[in-house]
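Structural overview for review
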Amino acid sequence: MTIHLRLQQLIDSLDISVLEFSRKLGEHRGEKVYHILHGRLKPRFDTLEKILIAFPQVNGDWLLRGEGLMFKTLSSPSAAITTEERLRNVEFLLFQLNERVALLQQTNDELLAELRGQRA
């Protein structure tokens, strides 16, 4: 998943508009975020830093690399994670697992077809 898709998923999970999200980053208009969401721009370091400061519950590893949960766990010192955010984490993990299972199934089907083709 690309960073612009993760950013869209974060905004959706926070249940705020792009404009509200932009304003929390100190932007008066949402143009920069809209351009990032549509893949026209890649977020710069300062933008990513602003996101992590404005939303301390967001897991930086997830935002930057797509690794781990979207929101930090309760054991993290700066994480004030709500039950709703935990549910979103679980939903996101299930989504990732479903994508991986589908990819594994597709690979398995391709390998089986290749084996069958070699036997013929």
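Residues numbered from 1 in each chain as written. Predicted model: local features only at pLDDT ≥ 70, side-chain atom pairs only at ≥ 80, totals over all residues. Heavy atoms only, no water.

1. Some remarks on the overall build of the protein
Counting secondary structure elements, the protein contains 6 helices and 0 strands. Going from the N terminus to the C terminus, the protein shows its helices and strands as α-α-α-α-α-α. Reported as C-alpha extents along the three principal axes, the dimensions of the protein are approximately 65 × 35 × 20 Å. For the protein, the share of sequence-separated contacts (at least 6 apart) that also reach a separation of at least 24 residues comes to 43%. For the protein, the computed accessible surface area is about 8,200 Å², with 56% contributed by carbon and sulfur atoms. The average position of the 16 basic charges and that of the 16 acidic charges among the side chains of the protein differ by 4 Å. (Helix = DSSP H or I, 4+ residues; strand = E, 2+ residues; numbered from the N terminus. Contact = heavy atoms within 4.5 Å. Areas by Shrake-Rupley, 256 points an atom, 1.4 Å probe, with all protein chains shown as cover. Lys, Arg positive; Asp, Glu negative; His and termini not counted. Charge placed at Lys NZ, Arg CZ, Asp CG, Glu CD.)

2. Side note on the environment of Leu37
Considering the arrangement of structural elements, one finds Leu37 in helix α3 (residues 31-37). For the pair formed by Leu37 and Ile3, sequence separation is 34 residues and the distance between their alpha carbons is 8.5 Å. If near-sequence neighbours (up to four positions away) are discounted, Leu37 is found in contact with His4, Leu7, Gln8, Ile11 and Val18.

3. Focus: unusual backbone geometry
In this structure, Asp15 is a non-glycine residue whose phi angle is positive, near 60°. Take Asp15: it is sitting in the loop between α1 (3-14) and α2 (18-24).

4. Some words on the packing of aromatic side chains
Counted according to the given criterion, the structure contains 1 aromatic pair. Taken together, a centroid distance of 5.2 Å and an interplanar angle of 5° make the contact between Phe21 and Phe55 stacked. Pair noted here: Phe21 is in helix α2 and Phe55 is in the loop between α4 (45-54) and α5 (60-65), with a separation of 34 residues, a long-range link. Both residues of the pair, Phe21 and Phe55, belong to the buried class. (Phe/Tyr/Trp six-rings, centres within 6.5 Å; stacked < 30°, edge-to-face > 60°. Buried < 20%, exposed > 50% of the residue type's maximum accessible area, 1.4 Å probe, protein only.)

5. Considering the pattern of salt bridges
Per the counting criterion, the structure on display carries 6 salt bridges. Taking the shortest distance from any N to any O, the salt bridge between Asp46 and Arg44 comes out at 3.4 Å. Accessibility expressed as a relative area gives 59% for Arg44, which makes it exposed. If you follow the salt bridges from partner to partner, you end up with Glu27, Lys32 and Lys50 in one network. (Salt bridge = Lys/Arg side-chain N within 4 Å of Asp/Glu carboxyl O.)

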